[in-house]
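Residues per chain, in single letters:
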Amino acid sequence: MSLQFLITALVVVIAPGTGVIYTLAIGLGQGRSAALMAALGCTLGIVPALLAAVLGLATLLHMSALLFQVVKFAGVAYLLWLAWQALRSDGALSLRPEARPEPGLAIARRGALINILNPKLSIFFLALLPPFLSGNPATAAAEMMGLGAIFMGLTFAVFAIYGSFAAAMRDRLLSSARAMRWLNRSFAAIFGALAARLALEKAA
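Residues numbered from 1 in each chain as written. Predicted model: local features only at pLDDT ≥ 70, side-chain atom pairs only at ≥ 80, totals over all residues. Heavy atoms only, no water.

Observations regarding the side chain of threonine 18
Then comes step 1: Position of threonine 18 relative to the elements: it lies in helix H2 (residues 18-30).
Then comes step 2: The contact partners of threonine 18, leaving out residues within four places of it in the chain, are Leu79, Ile114, Phe191 and Leu194. (Helix = DSSP H or I, 4+ residues; strand = E, 2+ residues; numbered from the N terminus. Contact = heavy atoms within 4.5 Å.)

Okay, structure coming up:
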């Protein structure tokens, strides 16, 4: 493992994406423990894409236009559903002072689906990991899994920090009805924009 890989992976993970936005929303709405479950779910959602890259299934996904489109539009629909959950007064992502914490499994499952339904994630690993391999075909799969595990560890750590920060701001923001309305609309708009961006993605 090289320092260059750690820096590259950290830059990728820190950049705010769908998983970060989800973790922030959960942290603000339900507190630190819930945010940690969101971070865990987003991290575990990486596993299918990593395995697909290691086993060569990612290439199949991106060679099959139909399969890519099916996964992509399932992801689009899911992001739009998350946007709706932020807008609904009783939605899972709606910020409100009286919200009761959800079961951790439900929070983690939603987070995992964010990455599972992203068809570009597996091709991302195909682009990110090979430059950092030793070049020995016999150990390539094991090396990719090791680098992927490090990437997942960084993902959880960074997302946990984001979520903990959001949870720390929770009481201050939820005391203002105006701030809650603004945040709910903002999260809904962001998820809607991410859905639109995903809808425009192409296999190659």
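Alright, that's what it looks like, and here's the rest.
Points about the packing of helix H6 (residues 65-87) against helix H11 (residues 177-199)
Then comes step 1: One way to put it is that H6 packs onto H11 with a least axis distance of 8 Å and a crossing angle of 170°. Regarding the angle of H6 to H11, the classification is roughly antiparallel. Facing Lys72, Phe73, Gly75, Val76, Leu79, Leu80, Leu82, Ala83, Ala86 and Leu87 of H6, the residues of H11 in contact are Asn184, Arg185, Phe187, Ala188, Phe191, Gly192, Leu194, Ala195, Leu198 and Ala199.
Then comes step 2: The residue inventory of the contact of H6 with H11, partitioned by class, reads 15 nonpolar, three polar and two charged. (Axes fitted to C-alpha atoms, helices over the stretch in contact; angles between N-to-C directions. Parallel < 35°, antiparallel > 145°, perpendicular 65-115°, else oblique. Nonpolar A, V, L, I, M, F, W, Y, C, P; charged D, E, K, R; others polar.)

Topic: the UniProt feature "transmembrane region" (unreviewed entry) in the chain
Then comes step 1: The feature "transmembrane region" (unreviewed entry), as annotated in UniProt, sits at residues 6-28, 35-60, 66-87, 107-129, 149-170 and 182-200 in this numbering.
Then comes step 2: Between the end C-alpha atoms of residues 66-87 the distance is 32 Å, and the span holds 100% helix and 0% strand.
Then comes step 3: Summarising residues 182-200: 95% helix, 0% strand, and an end-to-end C-alpha distance of 27 Å. (UniProt positions renumbered as here; feature names shortened; annotations may be inferred.)

Details of a nonpolar patch on the surface
Then comes step 1: Among the surface-exposed residues, Leu40, Leu44, Val47, Leu51, Leu55, Met145 and Phe156 lie close enough to one another that they form a single nonpolar patch of about 560 Å² accessible area.
Then comes step 2: Sorting the residues of the nonpolar patch by element identifies helix H3 (32-44), helix H4 (47-55) and helix H9 (140-168) as the ones contributing at least two each.
Then comes step 3: Broken down by element, the nonpolar patch gets its largest block of residues, three residues, from H4.
Then comes step 4: One can find valine 47 in helix H4.
Then comes step 5: Taking the relative accessible area as the measure of exposure, valine 47 reaches 30% and is therefore partly exposed. (Patch = residues over 30% accessible without salt bridge, like charges linked within 9 Å, V, L, I, M, F, W, Y side chains within 5 Å. Areas by Shrake-Rupley, 256 points an atom, 1.4 Å probe, with all protein chains shown as cover. Salt bridge = Lys/Arg side-chain N within 4 Å of Asp/Glu carboxyl O. Buried < 20%, exposed > 50% of the residue type's maximum accessible area, 1.4 Å probe, protein only.)

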